Amino acid sequence: MVAQHITDAVPVVERTARLAASGVTVGYGGRIVIDDLDVAIPPGVMTTIIGPNGCGKSTLLRTLSRLLKPTSGTVVLDGDDIAKLRTRDVAKKLGLLPQAPVAPEGLTVADLVARGRHPHQSWLRQWSSDDASVVERALAMTGVSDLADRPVDSLSGGQRQRVWISMTLAQGTDLLLLDEPTTYLDLAHAVDVLDLVDDLHESGCTVVMVLHDLNLATRYSDNLIVMREGSILAQGHPRDVITAELLQEAFGLRAQVIDDPVGDRPLIVPIGRTHVNLVTQKGS
Amino acid sequence: MNGTDVKQTVAPGVRLGQVSFVWRPWVAGVTLLLAAATFLVFCLSISVGDFPIGLPNVIATIFGRGEQVDQFVIMDLRMPRALAGLVVGIALGVSGAITQSIARNPLASPDILGITGGASAVAVFLVTVSGGTAAAITDSVGVSAAALAGGLATGMLVYFLAWRRGIDGFRLILIGISVSAVMEAITTWLLVSADIRDVARAQAWLVGSLDNRSWNEVWVALWCSLVLLVVVTGAAFQFKPMHFGDEVAAGLGVRYGRVRAVLLLCAVLLAGVAVSAAGPVPFVALVAPQVAMRLTRSPTPPMVASGLVGSLLLTGADLTARTALPVSLPVGVVTAAIGGPFLVYLLVRANLR
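> Tell me about the interface of chain B and chain A, and please be specific about residues and values.
By a frequent convention, interface size equals the accessible area lost on bringing the separate parts together. On the chain A side, the residues contacting the 33 residues of chain B number 42 residues. Overall, the association of chain B and chain A removes approximately 3,200 Å² of surface from exposure, summing both partners, and the carbon and sulfur fraction of that is 62%. It is Phe-237, Phe-244 and Leu-252 of chain B in chain B that bury the most area against chain A; as a group they hold 23% of the surface buried on that side. Counting the contacts that link chain B with chain A gives two salt bridges. Residue Asp-111 of chain A pairs with Arg-24 of chain B through a salt bridge whose shortest N-O separation is 3.0 Å.

Given below as structure tokens:
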């Protein structure tokens, strides 16, 4: 059940999934995290995986990117079984940004982003003018050209995340998998980073990410995958998927879903226990 | 800044036929200087002795245009020692650069990962325990080769104990320290319970020394190191993204498990070759990569520069031990005495900046 609300710009013939998992079971040392799961990632769309902690969202993303090998089932990338492809060939098609990556102290932004060219290089051909121009473009697109000479560890969290996304971009793939790109960022920087991801999507990338913040996920994605206990509970456009009942079922969260006053998406208002007065709200 | 500056943001590339690489003038300059300094100290170490030979004569002889007398003193008497210093220094420096990069921790040197400890325990066992198996092993393969095997076995043991769905730097270091402690305990126990004459021989082996190297020992160390360095050079390119962790490396198309296993094996073998050629010379593998990083201003230990610094440190220490000090000391005593303060100086200077 692929989402119906695919961006209109995508021609019908290309609407087959770029990346799909069928019947995958994944586990760590005997404990099964994902059990017999099917999913298809529609092309040209921002897809976000949400779900409670420990539901297997990151595991699913890592399985789709071949970081984890499923015990059964297959992941198909552009028609090929991903397990049978060479690691390098996967890296030429699919860019992956793991959760909270760390750069060596003192490494400059330009050098980090340049490393994104690795899949296209070889022992003899370690740097070409192509590489230079792609890296320049990646730096410019993510707005970090001015920081190119600065050490990555001297940057703020938001800038650092931009730099990592820039490295993934320099890889030159139009399929980006981002594992919680907004972790450790305050709301303003999270919005900033997601705007950047949306720019990449607008420029033609297929994006799959894991997010914790439900309202940001609702605002920024066209296709939500809601997971619980290793399986998919619902998938589709946020307008169709996000309901009070679903939030209760997936997260055990009591919430009201209202119209977003600044957008055309639903807005989740968690209820919780204190300072709630459903008739009139006092305080902040 | 404006668009005209954009071209300078990325390091320029250099192209030689099919080969292209990033051009970093500072790194290249420092590495070249280090190579020149290493060659100079190497020649100095040959030049100095009971029968001093001028530097020009040394260089002429090395390139096969020396006089007969010099030829004998240099090639037969002094070259093995100097070459051993060069090779052992490079092996230790590169080995340290690899282990520190893999563990992403400057503490992870072959000294700490059990290689030196294991080699020492085996060597001391063979020297102090007479008769039976020990004598048989000493006679058939020699102390050096047995020590090499002991170092390798201990290194492998540490690696396998530390392996848990991949290698974690901290776990590797903790297990290395634990295993090293056990090996040191065994060594101490052997020394305490051994005959006093054997203890003196064992002690001499334990501090690390370049005295009385034969051409045979040096050739073995040289060829083994050369082969290993070729493998390291081959694998180094795939290792580059691994400085960012396994997951980023995998995302960039690197089969990190294989690359790491190959490089770690090379590091263990290089350290083993060094230990079997010169004994467990302390501190070179720990300090050389750190010094090289600071001299080349690299964020990660540079392989070539680390090897050169290791060699410079070891040969320089040997030269100092033979000439500047009133008593002739084993090189291992001096490497720690020079290397330690120099690293502290570099760290303090970084703090003051």
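So much for the structure itself; the text now carries on.
> How would you summarise the sheet that holds strand 5 (residues 80-81) of chain A if you had to cite specific residues and measurements?
Residue and element names in this part refer to chain A. Taken together, four strands build an open sheet; the order of strands is 2-1-4-5 and the sheet is antiparallel. With partners counted over all chains shown, the strands left at the sheet margins are strand 2 (31-41) and strand 5, one partner each. Pairing geometry for strand 1 (residues 19-28) and strand 4 (residues 72-77), over five bridges, is antiparallel. By the bridge assignment for strand 4, Ser-22 is matched with Thr-74. Against the sheet, helix 1 (residues 57-64) contacts strand 1, strand 2 and strand 4, and its axis sits at roughly 60 degrees relative to strand 2.

> Could you give an account of the sheet that holds strand 10 (residues 231-236) of chain A, with specific residues and numbers?
Residues and elements named next belong to chain A. Within the open sheet, the six strands sit side by side as 6-7-8-3-9-10. Their pairing is mixed. Strands with a single pairing partner mark the edges of an open sheet, and in this sheet they are strand 6 (95-97) and strand 10. Ignoring which end each strand starts from, the neighbouring axes of this sheet average 15 degrees apart. Examined bridge by bridge, strand 3 (residues 46-50) and strand 9 (residues 223-228) share four bridges and lie parallel to one another.

> Can you tell me about the nonpolar core, naming the residues and giving the values?
One broad trend across soluble globular proteins is that nonpolar side chains are buried collectively. Counting 74 residues, the largest nonpolar core has Ile-98, Val-232 and Leu-263 of chain B as its most contacted members. Here this core gets 15 residues from one element, more than from any other, and that element is helix 3 (residues 68-103) of chain B. Apart from residues no more than four positions distant in its own chain, Leu-263 of chain B is found in contact with Ile-98, Ile-102, Val-232, Ala-235 and Phe-239 of chain B. With 57 residues, the next largest nonpolar core counts Val-152, Leu-216 and Ile-242 of chain A together with Val-10 of chain B among its residues.

How each quantity is defined
- Residues numbered from 1 in each chain as written.
- Chains lettered and ligands numbered in written order.
- Predicted model: local features only at pLDDT ≥ 70, side-chain atom pairs only at ≥ 80, totals over all residues.
- Heavy atoms only, no water.
- Contact = heavy atoms within 4.5 Å.
- Buried area = accessible area lost by both parts, 1.4 Å probe.
- Salt bridge = Lys/Arg side-chain N within 4 Å of Asp/Glu carboxyl O.
- Pairing = 2+ DSSP bridges.
- Helix = DSSP H or I, 4+ residues; strand = E, 2+ residues; numbered from the N terminus.
- Axes fitted to C-alpha atoms, helices over the stretch in contact; angles between N-to-C directions.
- Core = buried A, V, L, I, M, F, W, Y, C linked by side-chain atoms within 4.5 Å.
- Buried < 20%, exposed > 50% of the residue type's maximum accessible area, 1.4 Å probe, protein only.

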